[in-house]
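The lines below spell out each chain.
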Amino acid sequence: MKRISKILLAFAMLFVVVLTTACSGLGVKTATRTFEKEEKENGIKTTIKYTYIEKEDKVLKEVTTTEVPYSIYKGLPMDEIKIKVEAVSARYQYIKCLKESIEYKENTFVEVMEIDYENLDFETANKAFNSNIKDPKQSKVSMEETVKKLTNDGYTEKK
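Just so it is clear, the structure is predicted and the values come from calculations on it, not from any experiment. (Residues numbered from 1 in each chain as written. Predicted model: local features only at pLDDT ≥ 70, side-chain atom pairs only at ≥ 80, totals over all residues. Heavy atoms only, no water.)

Student: Looking at this structure, how should I read the sheet that holds strand S4 (residues 98-104)?
Tutor: Sheet strands associate in pairs through backbone hydrogen bonding, adopting either a parallel or an antiparallel arrangement. In space, the 6 strands of this open sheet follow the order S4-S5-S3-S2-S1-S6, with antiparallel pairing throughout. This sheet does not close on itself; its edge strands, each paired only once, are S4 and strand S6 (156-158). Taken pair by pair, the neighbouring strands of this sheet meet at an average axis angle of 20°, ignoring direction. Bridge count for strand S2 (residues 45-53) against strand S3 (residues 58-69) is 9 bridges, and the pairing is antiparallel. (Pairing = 2+ DSSP bridges. Helix = DSSP H or I, 4+ residues; strand = E, 2+ residues; numbered from the N terminus. Axes fitted to C-alpha atoms, helices over the stretch in contact; angles between N-to-C directions.)

This is the structure in structure tokens:
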């Protein structure tokens, strides 16, 4: 009888641990913020949407949509424009947790890039972007710092 009691107690304790662990992430509140910028001189329109944890001031995900008019290519034929665009796009295709796609429209092409900062291969991404994206395991991507940089770069928040 004592042995059955010990087994039941062990299972009960295991159940409590599993239940507590499973519910621990439920209190995380995420929010989104969206920023836009339209460059008057060339007509490029960029929209960036961030998903972040408010309490931790930590960016989790970024989705950037860029609409580029063909006119910036100064009369190049469409096939040459596509070659140039696809060459740039190819650099992003094999980066873990980065999705990039291009849609060609009548007068513009639209690039959508989604970055999952929690799982991104930072070393490969930094090489592709020729930048210094910080790994959140070492240094978080701060929403407040991101807002300051975007504002300085001419973006406005879309409410």
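Student: Where do I start with the environment of Lys61 in this structure?
Tutor: By secondary structure assignment, the location of Lys61 is in strand S3. Expressed as a C-alpha distance, the spacing of Lys61 and Tyr117, which sit 56 residues apart in the sequence, is 5.6 Å. When sequence neighbours within four positions are dropped, the list of residues in contact with Lys61 reads Lys49, Tyr50, Thr51, Glu114, Ile115 and Tyr117. A polar contact is formed between the side chain of Lys61 and the side chain of Glu114, at a distance of 3.4 Å. (Contact = heavy atoms within 4.5 Å. Polar contact = N/O pair within 3.5 Å; in protein donor to acceptor, adjacent residues only side chain to side chain.)

Student: I tried to follow the packing of aromatic side chains on my own but got confused; where do I start?
Tutor: Within a pair of aromatic rings, the relevant descriptors are the distance that separates the centres and the angle that separates the planes. Applying the stated criterion across every chain yields a total of 3 aromatic pairs. With a centroid separation of 6.2 Å and an interplanar angle of 50°, the aromatic rings of Tyr104 and Phe109 are classed as tilted. Ring-pair connections join several aromatic residues into one group, and the members of that group are Tyr70, Tyr104 and Phe109. Across the ring face of Tyr104, the terminal group of Lys82 is positioned such that the distance to the ring centre comes to 4.8 Å. (Phe/Tyr/Trp six-rings, centres within 6.5 Å; stacked < 30°, edge-to-face > 60°. Lys NZ or Arg CZ within 6 Å of the ring centre and 35° of its normal.)

Student: Sorry, what's going on with the pairing of S4 here?
Tutor: As defined by bridge partners, S4 adjoins strand S5 (residues 108-116) across 7 bridges and the pair is classed as antiparallel. Within S5, the position partnered with Glu103 by the bridge is Val110. In this structure, the hairpin formed by S4 and S5 is closed by a connection of 3 residues.

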